[in-house]
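Observations on the three-dimensional arrangement
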Amino acid sequence: MADAALTHDRPAPASGRTAWERLRATRGWAGFWFMLPTALILGLFLAYPLLKGIWLSFTNAKIGRAGVFIGLENYEWLWDDDVFWLSVFNTCLYTAIASVVKFGVGLYLALLLNKHIPFKSLVRSIVLIPFVVPTVLSAIAFWWIFDSQFSIISWSLRHLGIIDGNIDFLGRPDMARACVIFANIWRGVPFIAITLLAGLQTVSPSLYEAATIDGASPWQIFYKITLPLLTPIIAVVMTFSVLFTFTDFQLIWAMTRGGPVNATHLMATLSYQRGILSGSLGEGAAIATAMVPFLLAAIGISWFGLQRRAWQSGGDDR
Amino acid sequence: MTVLDRRSLLAGAAATGLAAGGDLLGFARAWAQESAWKPEPGANLSLLRWKRFVPSEDEAFMRLVDAFSKATGVKMTVTNESFDDIQPKASVAANTGQGPDMVWGLYSFPALFPDKCLPMADVAESLGKKYGPWYPSAEAYGKVKGKWIAIPVAFNGGYPNYRISAMKKAGFDKFPTDTAGFLELCRGLKKNNTPAGFALGHATGDGNSWCHWALWSHGGYLVDANEKIIINSPETAKALEYVKALYETFIPGTVSWNDSSNNKAFLSGELYLTNNGISIYAAAKRENPKIAEDMDHALWPIGPVGKPTEFQLAFPILAYTYTKAPNACKAFIAFMMDAANYNPWLEAAQGYLCEPMKNYPKNPVWTMDPKNAVFAEAGARSLAAGGLAPVTEKTAAALADFVVVDMFASYCTGRDDVKGAMRNAERAAQRIFRNA
């Protein structure tokens, strides 16, 4: 039996085996087999829908009908479509302002929460609440807060004698944009704060001690130690934040449906309106596909821009 | 003897609405034996319908479903979705060939996928013979290219809701019947700080209905009968000027309104004239009798074109071609539309819904309260979603894309001038109707 077992384990001469047997046994292929399930899942749930979406954007597919290839026609119509370009502008504005403010406030909050404060764990849990509340619920709450007739803000200001009539929060384009951006910031800050807090806690206290002994100012400590060591996690968290903000849908849909007069339509909401509600799948897919280059650019900026190894090691960037 | 009993039961039920009472099951059994559509043995049907607005309507409907199940042996599952979610779900079901056997939704949704709808000519013609003729708008919602693909079950009338005292204070004894008088009323209301307000946001029901009324009443249309785009016209320009003049009298915030905003504002006593179904009145009767007493409803005023140009919400029901029980679907639809079932159900809807055909037996809901009366007119006075054009997936897309609402809103808010607003709407229509 022992002989038999040894014989079984010993690799047979390559020439005597089929290609399939070699694939099964060769060590180099083991990695392939381990990756295969993940690759299948990614292919099925990520690559296939993405490619299918891109394909749909080149067709005149309607809901319920497959459609035929029409080349770039959907994109040509979008090119001359004011509402589409307004949605691109809105999306970029929404993402840029919300991401920058979320980062600033999130970082500040993380630095505060990293200090020794009473009831630290409780405070950290409370900070997470906006992120935990389902988006639609918080959006509906904001919709009431910013309602043109029943806003608590208008009500309070009227009763304090500061204003005469209600503030038309969601009825004026710029005001409506500000309101939805504010709601997004409120919701997004905890994610950034808690993630950056996790990053801050990996920074060794000995570095701060050494810097303090060397007479470094708090600003120098932040700029020369905290920020460089936090950069990798900032890169990850900002990539996610930009992606989530750029593709936001629920908040806008529950608060404004893209109104007033399309002033808060994002590419995602316009894509849904045209692709699903209007039934023009091809056109909706074209708008969704048009988001991809913007997303790649956003990922590129936050990823490569923040992965500056030399700076993290205390050197200068070139 | 059995036949005689069955027939007399059917005739008696149809005349008196007996089915509403105790022997709905007996009626259903008799009906099932007479029915032209014999459900497939062991059939299971699932129906996706719009979520109720009036609880008693839903209860009456479920009684009807239950009687049908017991009489025919067809198991029925009914699920509800909100107005906005029906169309996407129906579309996905059509696209994938899986899902509910029947969908009961809004406006022209069957026209989004006419090829996936079970032909309904036999049911429509049979019902038409009994209670017809179908109102022209009902026929337009049920047919695509001359073929019946859905059965328009009912209309939901949306009409001006106003406070009587505020109207009188503004100098009007009766609600104005023309657009010029309507504008004067709105101006008077604003002057007295009892403003009007109509949704100019993406409000699927309220926004689309009043904006299309305003456009059509001045002779403007998005497309003509051949789907040629004619929105850029002097008539549209006049409608834009008219709506802008109205908008200047509105309570602030109507550009951001959705379908529920005006209900809340009216019931809270901040809004004195708006457009809505009977739901504001129903809620006021329950919660605020003072407002209920002081409010009434009026027909939409007639514009320069000199005829009614209302745009009312339609509720067509369809069955998919993929259903395994097409006869059961047809039997159910015919059963629910039979006057003996339909009338008690309509009565339970408390005026929220009205008939799609001219000669249904008169329903007491329209006479029990004079304030309900105008809602009975919705089917007869409404144009279909296309205006001049047939109802197709393109007219449905133009509605879903708020082309007309956005045109008015962009001019009223000053985002575009008259020409710009019309040009943008024209451009949107060209995109939607491009292969017409």
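So, here is what we can say about the structure in this document. (Residues numbered from 1 in each chain as written. Chains lettered and ligands numbered in written order. Predicted model: local features only at pLDDT ≥ 70, side-chain atom pairs only at ≥ 80, totals over all residues. Heavy atoms only, no water.)

**Digging into the layout of surface pockets**
Residue and element names in this part refer to chain A.
- Empty space within the second largest pocket amounts to approximately 570 Å³.
- Taken together, 19 residues line the second largest pocket, and the ones lying closest to its centre are P49, L50, A288, T289 and V292.
- Broken down by element, the residue count for the lining of the second largest pocket peaks at 8 residues, all from helix α15 (residues 281-306).
- For the lining of the second largest pocket, the domains that each give at least three residues are domain 1 (13-57) and domain 2 (73-312). (1 Å grid on protein atoms, 1.4 Å probe; cavity = no way out; pocket = protein on both sides within 12 Å on 5 of 7 lines; lining within 4 Å. Points joined across faces, edges and corners; volume = space filled by probe spheres on them. Helix = DSSP H or I, 4+ residues; strand = E, 2+ residues; numbered from the N terminus. Domains from an automatic or database assignment.)

**Some remarks on the pattern of salt bridges**
- Per the counting criterion, the structure on display carries 23 salt bridges over all chains.
- The partner of D401(B) in a salt bridge is R274(A), with the nearest N and O atoms 3.1 Å apart. Taken together, the residues span two chains, with D401(B) in the loop between α17 (393-400) and α18 (403-412) and R274(A) in helix α14 (residues 267-277). As far as the burial class goes, D401(B) and R274(A) line up, both buried.
- One salt bridge in this structure joins D66(B) and K70(B), with 3.1 Å as the shortest N-O distance. Remark: K70(B) and D66(B) occur in helix α3 (residues 55-72); sequence separation between them is 4 residues, near one turn of the helix.
- On the accessibility criterion, K70(B) (49% relative accessible area) is partly exposed. (Salt bridge = Lys/Arg side-chain N within 4 Å of Asp/Glu carboxyl O. Buried < 20%, exposed > 50% of the residue type's maximum accessible area, 1.4 Å probe, protein only.)

**Regarding the sheet that holds strand β7 (residues 159-163) of chain B**
Residue and element names in this part refer to chain B.
- If you walk across this open sheet you meet the 3 strands as β8-β7-β9, and the pairing is antiparallel. The two strands at the open ends of the sheet, each matched to only one other strand, are β8 (273-276) and β9 (295-297). Mean inter-strand twist for the sheet, computed between neighbouring axes without regard to direction, equals 30 degrees.
- When β7 meets β8, the two strands line up antiparallel, connected through 4 bridges. In the strand pairing of β8, P160 is matched with N275. (Pairing = 2+ DSSP bridges. Axes fitted to C-alpha atoms, helices over the stretch in contact; angles between N-to-C directions.)

**Quick look at the sheet that holds strand β2 (residues 75-81) of chain B**
Residues and elements named next belong to chain B.
- Strand order in the open sheet made by the 5 strands is β2-β1-β3-β11-β6, with mixed pairing throughout. Pairing within the sheet leaves two strands with one partner each, and these edge strands are β2 and β6 (151-156). Between one strand and the next, the sheet's axes are offset by a mean angle of 15 degrees, whatever the strand orientation.
- Where strand β1 (residues 44-50) meets strand β3 (residues 102-104), 3 bridges bridge the pair, whose relative direction is parallel. Among the inter-strand pairings, R49 is bridged to a residue of β3, identified as W104.
- Along the sheet, α3 makes contact with β1, β2 and β3, crossing β2 at roughly 160 degrees. (Contact = heavy atoms within 4.5 Å.)

**Let's talk about the interface of chain A and chain B**
- Taken together, the contact between chain A and chain B spans 37 residues of the former and 41 residues of the latter.
- Interface of chain A and chain B: buried area, both sides summed, is about 3,300 Å²; carbon and sulfur atoms make up 48% of it.
- Contact with chain B buries surface across chain A, with W77(A), Q149(A) and V261(A) losing the most and accounting together for 21% of the total.
- Residue R434(B) pairs with E73(A) through a salt bridge whose shortest N-O separation is 2.8 Å.
- At the boundary of chain A with chain B, the tally comes to 15 residue pairs in polar contact (both at pLDDT 80 or more).
- If you list the elements that add at least two residues to the side of chain A that touches chain B, you get α4 (73-79), α5 (82-113), α8 (135-145), α14 and α15 of chain A.
- In terms of residues, the side of chain A that touches chain B owes the most to one element, α14(A), which gives 5 residues. (Buried area = accessible area lost by both parts, 1.4 Å probe. Polar contact = N/O pair within 3.5 Å; in protein donor to acceptor, adjacent residues only side chain to side chain.)

**Topic: unusual backbone geometry**
- With an omega dihedral of -5 degrees, the bond running from G259(A) to P260(A) counts as a cis peptide bond.
- Inspection of the secondary structure assignment puts P260(A) in the loop between α13 (250-255) and α14.
- Of note, the bond from G132(B) into P133(B) is cis; its omega dihedral lies within 30 degrees of zero at 10 degrees.
- Position of P133(B) among the secondary structure elements: in the loop between α5 (121-131) and α6 (136-142).
- Positive phi is not limited to glycine here, since R257(A) has a value of about 55 degrees.
- With respect to the element layout, R257(A) can be found in the loop between α13 and α14.
- Exposure remark for R257(A): the relative accessible area of 23% places this residue in the partly exposed category.

**Looking at the side chain of S217(B)**
Residue and element names in this part refer to chain B.
- Turning to its location among the elements, S217 is positioned in helix α9 (residues 206-217).
- At a separation of 3.2 Å, a polar atom in the side chain of S217 contacts the side chain of H218.
- If we ignore the near neighbours within four places in the chain, the residues touching S217 are T179, G303, P304, V305 and T309.

**Observations regarding the environment of S280(A)**
All names here are of chain A.
- Residue position: S280 is located in the loop between α14 and α15.
- Residue S280 is classed as buried on the basis of its relative accessible area, which comes to 11%.
- S280 sits 221 residues away from T59 along the chain, and the two C-alpha atoms are 9.9 Å apart.
- Apart from residues lying up to four places away in sequence, S280 is in contact with A61, K62, R274 and G275.

**Observations concerning the nonpolar core**
- Counting residues in hydrophobic clusters, the biggest one holds 166 residues, and the most contacted among them are F332(B), M337(B), W345(B) and F408(B).
- Per-element accounting of this core gives the leading share, 9 residues, to helix α14 (residues 326-337) of chain B.
- Here this core spans two domains, and each of domain 1 (40-156 + 312-382) and domain 2 (159-307 + 392-432) of chain B adds at least three residues to it.
- If we ignore the near neighbours within four places in the chain, the residues touching W345(B) are E57(B), A60(B), F61(B), L64(B), W104(B), V153(B), A154(B) and L353(B).
- Counting residues in hydrophobic clusters, the runner-up holds 20 residues, among them Y94(A), F142(A), I181(A) and I252(A). (Core = buried A, V, L, I, M, F, W, Y, C linked by side-chain atoms within 4.5 Å.)

**Side note on empty space enclosed by the protein**
- A complete count under the given rule lists 4 cavities of 30 Å³ or more for this structure.
- Space inside the largest cavity adds up to approximately 270 Å³.
- Every residue lining the largest cavity is counted, 23 residues in all, and those nearest its centre are V83(A), N262(A), D406(B), N424(B) and A428(B).
- For the lining of the largest cavity, the elements supplying multiple residues, two or more each, are α5 and α14 of chain A together with α18 and α19 (418-432) of chain B.
- Residue lining of the second largest cavity: 14 residues in total, with H212(B), L222(B), A385(B), G386(B) and A398(B) positioned closest to the centre.

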